[in-house]
Amino acid sequence: TLGLTAPVQAQDSWRTYENSLFGYSVLVPPRFIRDGETAEGRGQRFRGRPATYQVDGLLISGSLSAEAIRRASLLRADGWRIIHRRHDVESDAWAELSAEKEGRNLRIRMIRLCDPTQIATLEFEYLARDSWRITMMPEIISRSFRSRDC
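Residues numbered from 1 in each chain as written. Predicted model: local features only at pLDDT ≥ 70, side-chain atom pairs only at ≥ 80, totals over all residues. Heavy atoms only, no water.

(A) Examining the pattern of salt bridges more closely. Scanning the entire structure with this criterion turns up 13 salt bridges. A salt bridge links Asp35 to Arg47, with the nearest nitrogen and oxygen atoms 3.5 Å apart. A residue pair is termed long-range when its members are at least 10 positions apart, and Asp35 in strand S3 (residues 33–37) and Arg47 in strand S4 (residues 43–48) qualify at 12 residues. When its relative accessible area of 36% is taken as the criterion, Asp35 is described as partly exposed. Residue classification places Arg47 among the partly exposed positions, given a relative accessible area of 39%. Glu123 serves as the salt-bridge partner of Arg71, at 2.5 Å between the closest nitrogen and oxygen. Highlighted residues: Arg71 in helix H2 (residues 64–77) and Glu123 in strand S9 (residues 118–127), separated in sequence by 52 residues. Because the salt bridges share partners, they merge into one network encompassing Arg86, Glu96 and Arg109. (Salt bridge = Lys/Arg side-chain N within 4 Å of Asp/Glu carboxyl O. Helix = DSSP H or I, 4+ residues; strand = E, 2+ residues; numbered from the N terminus. Buried < 20%, exposed > 50% of the residue type's maximum accessible area, 1.4 Å probe, protein only.)

Here it is in structure tokens:
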């Protein structure tokens, strides 16, 4: 079982994307299609109505929480307003942030991978007016985003 809060029939039609280069996976909703790889096979972009998202593997030199702070600074510089940010203080295993800009919402989740110099990011973007259409989709995708067993 997936252990996620979605109707059983919806879960049955979701697919899994796995990235063997960085060692992470994420669920892909029904009717979402691949929309191109990220640089050097580190991840994948997906497109569906009414949202887009991408997953990507990254090399970092510091902590995951420092990378989340850096990402939030870059978003602010690009005009996004950070509306939520939190991270795992104890083990530095994950970080999340949400932002909004010009009627768009962005949710980002970062996870630590088996190699301590690697993380994976999930960026889910949608129009604020479509929030009612996606209901639990960002939460299901976010909870399914995980590193392989180390």
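Read on for the rest.
(B) Layout of the sheet that holds strand S1 (residues 15–19). What the three strands build is an open sheet, ordered S1-S2-S10; its pairing is antiparallel. What marks the edges here is a single partner per strand, and that holds for S1 and strand S10 (146–147). Pairing between strand S2 (residues 24–28) and S10: two bridges, direction antiparallel. Bridge pairing in S10 places Tyr24 opposite Ser147. Along the sheet, helix H4 (residues 137–144) makes contact with S2 and S10, crossing S2 at roughly 155°. (Pairing = 2+ DSSP bridges. Contact = heavy atoms within 4.5 Å. Axes fitted to C-alpha atoms, helices over the stretch in contact; angles between N-to-C directions.)

(C) Structural context of the state of the cysteines. Here the structure, examined in full by the defined rule, presents one disulfide. A sulfur-sulfur distance of 2.0 Å marks the disulfide that ties Cys114 to Cys150. Taking the sign of the S-S torsion, about -95° here, the bridge from Cys114 to Cys150 comes out left-handed. Linking Cys114 in the loop between strand S8 (104–112) and S9 with Cys150 in the segment after S10, this pair joins segments that are 36 residues apart in sequence. What makes Cys114 partly exposed here is its relative accessible area of 32%. (Disulfide = S-S within 2.5 Å.)

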